[in-house]
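Notes for the structure review
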Amino acid sequence: MSYAYLFKYIIIGDTGVGKSCLLLQFTDKRFQPVHDLTIGVEFGARMITIDGKQIKLQIWDTAGQEAFRSITRSYYRGAAGALLVYDITRRDTFNHLTTWLEDARQHSNSNMVIMLIGNKSDLEGRREVKREEGEAFAREHGLIFMETSAKTAANVEEAFINTAKEVYEKIQEGVFDINNEANGIKIGPQHSPTNPSLPSGGQGGMQGGGCC
Amino acid sequence: MFSRVRSAFMNVVGGIEPVVGMKDVDGPSDERDRHRHLPHKFPYTRPHFLQLHTEEEIAVTADHHIRPIIVPRDINVMPWSAGYAEAVNAGKSMLNEDQACIHRGLLTRQDRNSSDSHKAPSLPYVYFGIFDGHAGSGAAVAAANQLHHIIHEKLVDIIDHLIPPVVQMEKSSRSGLSFFFPGKEVSKESLITGALESAFWDMDQLIGEDKLKYKVNGGCTALAALFIDGKLYVANAGDSRAVLVRHSRSQPMSYDFTPESERQRVRRLAALQPELLGNEYTHLDYCQRPVQKDIGKRILYRDWYMTGWGYKTVTPSDLKLPVVHGEGKRSRVLATIGVTRGFGDHELKALYSNIPIKPFLLCQPEVKVLHVDDEEEWSEEDVLIMGTDGLWDVTSNERVAEIITKSFKQFPQDENRNKYRYTSAAQDLVMSSRGKLTERNWRTSEGKSATIDDISVFVIPIVDYKRDHSAWLEQNKALREQISANMNSINSNVVVERAVHNGHPQDEEEEVSLESVMNGDDEIDTSAPLRLELQ
């Protein structure tokens, strides 16, 4: 399907906060209570509409485990947006946000939009991190903030779409260099400013090569 | 005599026939145009065990900017939780031209007397294959789809050695086999090695034949690991590599075949068949390549039969390009190809000339055997690493052993997560050779140049196979005892009658009589002599 832009996202945060479940809820509209450990990266994609334009979100879901941290870091660079997730029922996942944020700031391109997400809002009874604390952290570090539930789907759409809106606005303002695919944004085939028949990105791939 | 077994197998795999004879694929240019429009026999995809189902997912894995490290989605599809990880090249080709395959096979004896196939003696095996494609992905995709079927067929051919008929167990299997295969004693090891070698040959022939009917572009290296009968067989043709990491030390399980390592073989062929050089290349090697003004001067050279250097006087024919030229990774045959063994490349011509390259290439693998079933203990940390040259160009055998050891040490000690340790280690190895993108270059963590090639890696635990094999030995013994007990109770009367009839001594044990019956008959089928007796 054709799209005006493709945005690459990355989802980061401690292990077990619900990163893979957020992705699954957003792309497949379903919840999987028992999810196997993510090793390396998983990915999903979905089309959304912003300002009447078709935008494709390509989302990279990363491993939260410490053992995979150096590998996770290598995916920041190619992302236009990041969802930084913690679990409102586990204080330690909130305490680790600073480390995650430092990592993200250090390894991503400076314009990457970061959305802070307090997940598992359905488990109000077990809450350990107040909503206000999340808001304060976001304000302090210049992030957008939402609480979500990958289980009930509350705010999941909004989290992904609001991040996309922010990226889109930055494009309109000319902040992003959209011709450099390494920034996590790709212009769709229908929108290509020069030669629409060329494969976008121009990464020096084989012309018409490959076997299919 | 195994035609029944073979045809049953053929029905399962959809008829892969050994190809006899090769036609010339070099046609006029309109023929090559036609080749462009041929259909694919197998569509391009990523290894089946990654479970990437859509074209979009496959496209995402080939993101040249991010070069994601892809691992299996469901670890449970991997035998022994073996690890695998891959990363695409940095843009040198659109697609990842590496391919891989895993196959769990079962060789089953189809004796007529064991009507229940679940109770028939059988031998399980596990196969891992890795193929590094060049000049297109067709040959690598073909090998990933078919080599294991061909190997299976070859193993079926030697099934009587691998799983002897049950009645043979009653006496020493050696004397039984020498009846079927008189003359020279041949070990199972050399038969399995032969099966692998002939399978590699057939695979290459099949690709050559398919190039006439389908679009199968390019060539590929081939590295296969076969765990069977308590041993590990590693067959290699090309510059992928297998290394055993044991007690944190590396031990090569294959030899890299490159223009440099096969310099002498290629030059010998060139010397013996100079017509293959099209008057444009020379089989000689020069310390420094002579130029026009050197004619008449003395120069250091070596012929194909020399490893050291000698002097000769430069003549005009010395100005030709050496058949193997360049050093290390840059060495090329006919200034074109950087790998000397593998499958495909049937139509490949030297750059800027019409000289076919295929005659200089071999599909023959070198096979190494590791006795997993020996006395020595294997630990959970002893693994076989299989990788394409993308891994080894940057990360040495020793470094691989270090990374593996460190990776296992760092991995959380948690029973539920333990199964991911090999995947995690495979990922660490790919990471080591892929590095990170800094500015415009991919660099390793030490700041050196990382590879821009495709990288694929298997990390396979050895101890799990040893465990599986021991369990199989127990089961197999019990099964055989059960089968032969059943057979004896049904047929003992008949057998004894016949033994008497033949005038054999009666004071021997019943089993011996059974075998002497066998020896008196030409039929291979174990049930046949008994039936004959009943007539």
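For clarity, every value in this text was computed on a predicted model and none was experimentally measured.

Let us now look at the overall build of chain B. When helices and strands are tallied, chain B shows 14 helices and 21 strands. Counting only residues that meet the buried cut, chain B has 55% of its 535 residues in that class. With the model as given, the accessible surface of chain B reaches about 24,300 Å², and the carbon-plus-sulfur share is 50%.

What chain A contains, in helices and strands, is six helices and seven strands. The order of α-helices and β-strands along chain A, N terminus first, is β-α-β-β-α-β-α-α-β-α-β-α-β. Per-residue burial for chain A yields a buried fraction of 52% across its 212 residues. Residue pairs in contact within chain A that sit at least 24 positions apart in sequence constitute 73% of those at least 6 positions apart.

All right, on to the state of the cysteines then. In a disulfide, the sulfur atoms of two cysteines are held together by a covalent bond. Residues and elements named next belong to chain B. Enumeration over the complete set of coordinates arrives at zero disulfides over all chains. Of all cysteine sulfurs in the structure, the one in C220 sits closest to C101, which takes part in no disulfide; the separation is 12 Å. Of all cysteine sulfurs in the structure, the one in C220 sits closest to C363, which takes part in no disulfide; the separation is 11 Å.

The full count for this structure, using the stated rule, is 22 aromatic pairs over all chains. Geometrically, the ring pair formed by F68 of chain A and F411 of chain B is tilted, given 6.2 Å between the ring centres and 55° between the ring planes. Separated into two different chains, F68 of chain A in the loop between β3 (53-62) and α2 (69-73) and F411 of chain B in the loop between α10 (397-410) and α11 (421-434) make up a pair that spans both. Each of the two residues, F68 of chain A as well as F411 of chain B, counts as buried.

Another point: the layout of surface pockets. Summary: where empty space remains is shown by rolling a probe the size of a single water molecule over the atoms. In this structure, the second largest pocket encloses a volume near 1,300 Å³. Along the walls of the second largest pocket sit 49 residues, with M431, G435, K436, L437 and R443 of chain B positioned nearest its centre. Of all the secondary-structure elements, those providing two or more residues to the lining of the second largest pocket are α2 and α4 (97-107) of chain A together with α10, α11, β19 (436-438) and β20 (441-443) of chain B. Sort the elements by how many residues they give to the lining of the second largest pocket and α10 of chain B lands first, with five residues.

As a further point, take the sheet that holds strand β18 (residues 383-387) of chain B. Residue and element names in this part refer to chain B. Read from one edge of the open sheet, five strands run β1-β21-β18-β7-β8, paired in antiparallel fashion. The two strands at the open ends of the sheet, each matched to only one other strand, are β1 (83-87) and β8 (249-252). The sheet shows a mean angle of 20° between the axes of neighbouring strands, direction not considered. For β18 and strand β21 (residues 455-461), the ladder comprises five bridges, and the chain directions are antiparallel. In the sheet register, G387 faces β21, and the bridge partner there is V457.

To describe two helices that pack against each other, one gives the angle between their axes and the distance between the axes. Residue and element names in this part refer to chain A. Running from N to C, helix α1 (residues 19-28) and helix α6 (residues 156-172) point in directions that differ by 90°, and their axes come no closer than 9 Å. For the element pair α1 / α6, the angle class is roughly perpendicular. Of the residues in α6, those in contact with L22, L23, Q25 and F26 of α1 are V156, E157 and F160. In terms of residue class, the contact of α1 with α6 is made up of five nonpolar, one polar and one charged.

The next thing to look at is α10 of chain B. Residues and elements named next belong to chain B. Spanning 14 residues, α10 covers 20 Å between terminal C-alpha atoms, matching the ideal 20 Å at 1.5 Å per step. All of the buried residues along α10 are N397, V400, A401, I403, I404, S407 and F408. End-on view of α10: buried residues confined to an arc of 165°, all on one side of the axis. Exposed residues pointing more than 90 degrees away from the buried face of α10 are listed as K406 and K409. Summarising the contacts, the buried residues of α10 are in contact with β7 (241-246), β8, β18, α9 (389-392), α11 and β21.

Residues and elements named next belong to chain B. Take K358: it is sitting in the loop between β16 (343-344) and β17 (366-371). Looking at K358, its side chain comes within polar contact range of the side chain of D204, at 3.0 Å. The residues contacting K358, other than those within four sequence positions of it, are D204, F343, G344, D345, H346 and L348.

So, on to the pairing of strand β2 (residues 98-108) of chain B. Residues and elements named next belong to chain B. In terms of burial, β2 is a largely internal element, nine of the 11 residues being buried. Looking at chain direction, β2 and strand β3 (residues 122-134) are connected through 11 bridges and run antiparallel. Directly across from H103, in β3, lies its bridge partner Y127.

With that settled, consider the interface of chain B and chain A. On the side of chain A, 32 residues touch chain B, which itself brings 36 residues to the contact. Counting the surface lost from both chain B and chain A, the interface buries some 3,100 Å², and carbon and sulfur atoms represent 59% of this. Taken together, the connections running from chain B to chain A amount to three salt bridges. Joining chain B to chain A, the criterion identifies six residue pairs in polar contact (both at pLDDT 80 or more).

Residues and elements named next belong to chain A. Topologically, R90 is positioned in the loop between β4 (81-87) and α3 (91-95). Take R90: its relative accessible area is 27%, and that puts it in the partly exposed class. Taking C-alpha positions, R90 is 21 Å from A104, a pair spaced 14 residues apart along the chain. The residues touching R90, leaving out its near neighbours within four places in the chain, are T15, G16, V17, E128 and V129.

What follows deals with the sheet that holds strand β11 (residues 298-302) of chain B. Residue and element names in this part refer to chain B. Spatially, β10-β11-β12 is the arrangement adopted by the three strands of the open sheet, whose pairing is antiparallel. For this open sheet the edge positions go to β10 (285-286) and β12 (310-313), each flanked by a neighbour on one side alone. In terms of strand pairing, β11 meets β12 through four bridges, oriented antiparallel. In the sheet register, I299 faces β12, and the bridge partner there is K312.

Here the focus is the pattern of salt bridges. Tallied over the entire structure, the rule returns 43 salt bridges over all chains. Of the charged contacts in the structure, one is a salt bridge between R131 of chain A and E135 of chain A, with a shortest N-O distance of 3.2 Å. With R131 of chain A and E135 of chain A both in helix α5 (residues 131-141), this residue pair falls four residues apart, about one helical turn. Given the relative accessible area of 37%, R131 of chain A is considered partly exposed. Across the salt bridge formed by E262 of chain B and R265 of chain B, the nearest N and O atoms sit 2.8 Å from each other.

Right, let's talk about unusual backbone geometry for a bit. All names here are of chain A. Even without being glycine, A153 reaches a positive phi, approximately 75°. Residue placement: A153 occurs in the loop between β6 (144-147) and α6. Owing to a relative accessible area of 32%, A153 belongs among the partly exposed residues under this scheme.

Let us look at the confidence of the model for chain B. All names here are of chain B. Averaged over every residue, the pLDDT of chain B is 84; residues scoring 70 or more account for 80%. Counting interchain partners and residues more than four positions distant, the pLDDT-below-50 stretch residues 1-29 has 48 contacts. Across residues 169-176, where pLDDT falls below 50, the model places eight contacts with residues more than four positions away in sequence or in other chains. As scored by the predictor, the complex reaches a pTM of 0.83 and an ipTM of 0.82.

This part covers the nonpolar core. Residue and element names in this part refer to chain B. Ranked by size, the top nonpolar core spans 94 residues in total, and within it F128, L232, L384, I385, M386, I404 and F458 carry the most contacts. Per-element accounting of this core gives the leading share, six residues, to α11. Sequence-distant contacts of L232, defined by excluding residues within four places in its chain, comprise A225, L226, F227, M253, K368, V369, L370, V372, L384 and I462. Counting residues in hydrophobic clusters, the runner-up holds 42 residues, among them C101, A142, A144 and F343.

About the thresholds
Residues numbered from 1 in each chain as written. Chains lettered and ligands numbered in written order. Predicted model: local features only at pLDDT ≥ 70, side-chain atom pairs only at ≥ 80, totals over all residues. Heavy atoms only, no water. Helix = DSSP H or I, 4+ residues; strand = E, 2+ residues; numbered from the N terminus. Buried < 20%, exposed > 50% of the residue type's maximum accessible area, 1.4 Å probe, protein only. Areas by Shrake-Rupley, 256 points an atom, 1.4 Å probe, with all protein chains shown as cover. Contact = heavy atoms within 4.5 Å. Disulfide = S-S within 2.5 Å. Phe/Tyr/Trp six-rings, centres within 6.5 Å; stacked < 30°, edge-to-face > 60°. 1 Å grid on protein atoms, 1.4 Å probe; cavity = no way out; pocket = protein on both sides within 12 Å on 5 of 7 lines; lining within 4 Å. Points joined across faces, edges and corners; volume = space filled by probe spheres on them. Pairing = 2+ DSSP bridges. Axes fitted to C-alpha atoms, helices over the stretch in contact; angles between N-to-C directions. Parallel < 35°, antiparallel > 145°, perpendicular 65-115°, else oblique. Nonpolar A, V, L, I, M, F, W, Y, C, P; charged D, E, K, R; others polar. Expected span 1.5 Å × (residues − 1). Arc of directions from axis to C-beta. Polar contact = N/O pair within 3.5 Å; in protein donor to acceptor, adjacent residues only side chain to side chain. Buried area = accessible area lost by both parts, 1.4 Å probe. Salt bridge = Lys/Arg side-chain N within 4 Å of Asp/Glu carboxyl O. pLDDT = per-residue confidence, 0-100. Core = buried A, V, L, I, M, F, W, Y, C linked by side-chain atoms within 4.5 Å.

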